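# Per-entry structural report
Here is what each chain is made of, one letter per residue.
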Amino acid sequence: MAIDYSEKIPNNVNLADDRRLQRALEHWQPGYLDWWNELGPEGFQAKDVYLRTAVNVGADGWAHFDHVKMPDYRWGIFLSEPKPEQTIGFGDEMGKPVWQEVPGEHRAALRRLIVTQGDTEPASVEQQRLLGLTCPSLYDLRNLFQVNVEEGRHLWAMVYLLHAHFGRDGREEAEELLHRHSGDPDNPRILGTFNEPIEDWLSFFMFTYFTDRDGKYQLKCLAGSAFDPLARTCQFMLTEEAHHMFVGETGIGRIVERTVDVMKDLRSDDPETLRAAGVIDLPLLQRYVNFWFSSCLDLFGADQSSNAAGYFATGVKGRPDEAKFDDHDCSETIEVLEVPDGNGGVTTVEAPTRNAMNEITRNLYVGDCQRGVDRWNKTIQAAGFHFQITLPSARFRREIGSWGGVPTDLAGNIIAAEAYGGHLASSLPSDEDRAYVDSLMKPVTEPGKMAGWIAAPRRGIHGHPLDYEYVKLH
Ligand code: BYC
């Protein structure tokens, strides 16, 4: 399944054999480029950036690295290799052949999922468009742009599915994906988190750690879909997605490392002292964790969801790494969920497992989030400090599901409505925190140099040294 780069739209789906589809996508392409130039990264479109481009979908050597101007990036359509005689892996249709076309009865559900997935990709590019202007290093600037161009490619991936399999509705949805905008009061992006502004690099690293990880889990759920083109599209997207979470985890890790170095030097954990020294104090970092983690938990949907039950029953959307579960039917089992009892207490309810799929996926996500937190805490401990970064309870600050709108503290205890405002104010980034972080956001663009609030990464990109010119600014 080599990728044809002589085509206007690089692809491994034999686009040249389907002239109608090819024309439709070529018709969409200029609108995409207009969108990229208008709402993509601000200020660097004419610069050469050291980017990786997908050139193969196999496990080895799938990417090519070179300097390229972002508008010239070869955004293409790549599906992972088909598996012969692939069958549906879960739900009522388990064991039957996967679908190469969309069955009429599942059209609405699949369209909705693909549009929701597609909507997040350009949203994130829009959210991050000004960050390049305040990069902490050329290494980070390049990573930001790598993430951005790949989110652009993920939009292409969903647009291909819409054009290839959903006829006129699909073409209309593809247009809409360029017309909704992050934070637009009249025409916002579909999911809440994707309308939150990302104006500083601490937020960017939080987003790539927590929000891209939702992407990983949702893509894993769709990577087992009975609709084979969707499954194979998502399988390949996951290959690219791993780097985005690497950027988040190492970004926060490097901030922690720099802060504890300064804490050691100054023998102090006093936020004021640390701020005077120009680093990000750990309680502030914790408040950013509280904000982004709680926001991202809502992206998994309600804990009891008939939508999710329907997706599982029909084979449209499964659980992450579905093959690792023992029971792929789940029609005979229940999950016990903790929910508010409506009188300030907590009770349990039994939900059919199929209805609790969102909660199952969310719990796996929480476990995965914890792993990076443990690594950051090791850095703090190794430096001799007792501070521990913690994930708030999954009940905290929720807007969707049983805990939506229920006032709780960070530990998940229900608290009085009157106390909630104060608790939120002390748990989330304050205006002062944001202003401080903002004051640190000064661009550092000399090769090899780092801003004072973040440690250097362990190594450069693709074997290059840290002082390599990852973005050529001159
Ligand atoms: N905000 O039955 P429920 C990524 C709505 S990130 C607003 O629980 P369901 C990326 C819901 O639509 C991954 N509304 O919903 C990361 C429903 O509305 P209706 C993106 C919400 O369908 C970084 C109602 O509430 N991919 O790739 O089970 C950078 C009841 O909810 C929200 C996907 O999300 C919300 N947070 O679950 C770049 C995968 N949550 O029908 C990219 C595709 C729920 O009553 N999407 N609602 O009008 C899905 O699988 C599902 O749509 C959801 C929701 C998991 C999001």
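Residues numbered from 1 in each chain as written. Predicted model: local features only at pLDDT ≥ 70, side-chain atom pairs only at ≥ 80, totals over all residues. Heavy atoms only, no water.

### Quick notes on the site of the ligand
Around the ligand, 30 residues are found, and the nearest of them are Arg112, Gln117, Ala302, Ser305 and Lys317. A distance of 2.5 Å separates an oxygen atom of the ligand from a polar backbone atom of alanine 302. One of the side-chain nitrogen or oxygen atoms of asparagine 358 is found 3.0 Å away from an oxygen atom of the ligand. In isolation the ligand has 1100 Å² of accessible area, and contact with the protein removes 79% of it. (Near = heavy atom within 4 Å. Polar contact = N/O pair within 3.5 Å; in protein donor to acceptor, adjacent residues only side chain to side chain. Areas by Shrake-Rupley, 256 points an atom, 1.4 Å probe, with all protein chains shown as cover.)

### Comments concerning a positive patch on the surface
On the surface, a cluster of positive charge is contributed by Arg19, Arg20, Arg23 and Arg171. Per-element accounting of the positive patch gives the leading share, 3 residues, to helix α1 (residues 19-39). Among the structural elements, arginine 23 can be located in helix α1. Judged by its relative accessible area of 52%, arginine 23 is exposed. (Patch = residues over 30% accessible without salt bridge, like charges linked within 9 Å, V, L, I, M, F, W, Y side chains within 5 Å. Salt bridge = Lys/Arg side-chain N within 4 Å of Asp/Glu carboxyl O. Lys, Arg positive; Asp, Glu negative; His and termini not counted. Charge placed at Lys NZ, Arg CZ, Asp CG, Glu CD. Helix = DSSP H or I, 4+ residues; strand = E, 2+ residues; numbered from the N terminus. Buried < 20%, exposed > 50% of the residue type's maximum accessible area, 1.4 Å probe, protein only.)

### Regarding the side chain of serine 305
Checked against the element boundaries, serine 305 lands in the loop between α8 (282-297) and α9 (306-314). Among the polar contacts made by the side chain of serine 305, one reaches the main-chain amide nitrogen of alanine 308 at a distance of 2.9 Å. For serine 305, the contacting residues outside a window of four places in its chain are Arg354, Asn355 and Asn358. (Contact = heavy atoms within 4.5 Å.)

### Some thoughts on unusual backbone geometry
One non-glycine residue, asparagine 14, lies in the positive phi region at around 55°. Examined against the element boundaries, asparagine 14 turns out to sit in the segment before α1. Since its relative accessible area comes to 55%, asparagine 14 is described here as exposed. Even without glycine at this site, histidine 462 takes up a positive phi of about 55°. Within the secondary structure, histidine 462 is located in the loop between α12 (431-440) and β5 (471-472).

### Quick look at a negative patch on the surface
Taken together, the side chains of Asp269, Asp270, Glu272, Asp431 and Glu432 make up a negatively charged region of the molecular surface. Summarising the element assignment, aspartate 270 is placed in the loop between α6 (228-266) and α7 (271-276).

### Here's the deal with the packing of helix α5 (residues 201-222) against helix α10 (residues 357-382)
At their nearest, the axes of α5 and α10 sit 10 Å apart, and the two run at 140° to each other. Taken together, α5 and α10 sit at an angle that is classed as oblique. Here α5 and α10 pass one another in a crossing that is right-handed. From α5, Tyr209, Phe210, Arg213, Asp214, Lys216, Tyr217 and Cys221 reach across to α10, where they touch Thr361, Leu364, Tyr365, Asp368, Cys369, Arg371, Gly372, Val373 and Trp376. Residues that form the contact of α5 with α10 fall into these classes: 9 nonpolar, 2 polar and 5 charged. (Axes fitted to C-alpha atoms, helices over the stretch in contact; angles between N-to-C directions. Parallel < 35°, antiparallel > 145°, perpendicular 65-115°, else oblique. Left-handed = near helix turned anticlockwise from the far one by under 90°. Nonpolar A, V, L, I, M, F, W, Y, C, P; charged D, E, K, R; others polar.)

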